[in-house]
Amino acid sequence: MSLTDPVADFLTRIRNSIRARHQKLDVPASKLKTEIARILKEEGYIANYKAAEEDGRAVLRVYLKYGANNEAAIRDLARVSRPGCRVYVGRDEIKRVQGGLGISIMTTPRGVMTGRQARRERVGGEILCEVW
């Protein structure tokens, strides 16, 4: 199955799994999705992730994180830059998400990083998504 926007599919699968209260989810693996999962783990939005293989296909298994009252660590996700409308920002135009309570995930010339890291390193790029 060919997807036009695999990142949006990844975010939608996370969103649907959280709303269904699943503990883990499997998505087709790619380098970009692995980097997004790495950032989500570093920022504390997911419990863990690992690359696996099922039926000869590379799969990224994401373990979701819930709090004490069974409240998800991720409240919502939003895709910002889409294949039909790319959103690029300069180093001085990177905005804070939800007043600093969320993160933006960007692709930059120095790799995939959060908006906060990009501001610190003074580099711009494409905003992939926002998580809060």
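Keep in mind it's a predicted model, so treat the numbers as computed, not measured.

> It is not clear to me how the pattern of salt bridges should be interpreted in this structure. Could you clarify?
Once their charged atoms are close, side chains differing in charge can pair, the charge on each being opposite to the other. Tallying each qualifying case throughout the model produces twelve salt bridges. A salt bridge links Asp76 to Arg19, with the shortest nitrogen-to-oxygen separation between them at 4.0 Å. Within this pair, whereas Asp76 is found in the loop between β3 (57–64) and β4 (77–79), its partner Arg19 is found in helix α1 (residues 6–19), the two being separated by 57 residues in sequence. The class for Arg19 is exposed, based on a relative accessible area of 61%. Between Asp92 and Arg122 there is a salt bridge, with the nearest N and O atoms lying 3.7 Å from each other. Of this pair, Asp92 sits in the loop between β5 (88–89) and β6 (103–108) while Arg122 is found in the loop between α3 (115–121) and β8 (125–131), placing the two residues 30 residues apart along the sequence. The class for Arg122 is partly exposed, based on a relative accessible area of 47%. Beyond isolated ion pairs, a larger network of salt bridges with shared partners links Arg15, Arg19 and Asp76.

> What should I look at first to understand the nonpolar core in this one?
Within soluble globular proteins, side chains that are nonpolar tend to cluster in buried spots. Ranked by size, the top nonpolar core spans 26 residues in total, and within it Phe10, Ile14, Leu40, Leu64, Ile74, Ile105 and Val131 carry the most contacts. Counting residues per element, this core draws most heavily on α1, which supplies five residues. If sequence neighbours within four positions are ignored, Ile14 has contacts with Leu25, Leu40, Leu64, Ile74 and Leu77. Val89, Met106, Val123 and Ile127 belong to the second-largest nonpolar core, a separate cluster that totals seven residues.

> What is the right way to look at the environment of Leu101 in this model?
By the secondary structure assignment, Leu101 is in the loop between β5 and β6. Leu101 sits 67 residues away from Thr34 along the chain, and the two C-alpha atoms are 23 Å apart.

> Would you mind going over the pairing of strand β7 (residues 111–114) with me for this structure?
Where a strand is regular, its side chains alternate between the two sheet faces. Pairing analysis gives four bridges linking β6 to β7, with the strands arranged antiparallel. Bridge pairing in β7 links Ile105 to Thr114.

> Even after reading the chapter, I still don't get helix α2 (residues 31–42), so can you show me in this structure?
At 3.6 residues per turn, the α-helix brings residues three or four places apart onto the same side. With twelve residues, α2 extends 16 Å from end C-alpha to end C-alpha; this agrees with the ideal 16 Å at 1.5 Å per step. Buried within α2 are the following residues: Lys33, Ile36, Ala37, Ile39 and Leu40. Buried residues along α2 cover an arc of 160° about the axis, so they all sit on one side. With respect to the buried face of α2, the exposed residues turned more than 90 degrees away are Lys31 and Glu42. Within two residues after α2, Gly44 carries a phi angle of roughly 85°, on the positive side.

Conventions and cut-offs
Residues numbered from 1 in each chain as written. Predicted model: local features only at pLDDT ≥ 70, side-chain atom pairs only at ≥ 80, totals over all residues. Heavy atoms only, no water. Salt bridge = Lys/Arg side-chain N within 4 Å of Asp/Glu carboxyl O. Helix = DSSP H or I, 4+ residues; strand = E, 2+ residues; numbered from the N terminus. Buried < 20%, exposed > 50% of the residue type's maximum accessible area, 1.4 Å probe, protein only. Core = buried A, V, L, I, M, F, W, Y, C linked by side-chain atoms within 4.5 Å. Contact = heavy atoms within 4.5 Å. Pairing = 2+ DSSP bridges. Expected span 1.5 Å × (residues − 1). Arc of directions from axis to C-beta.

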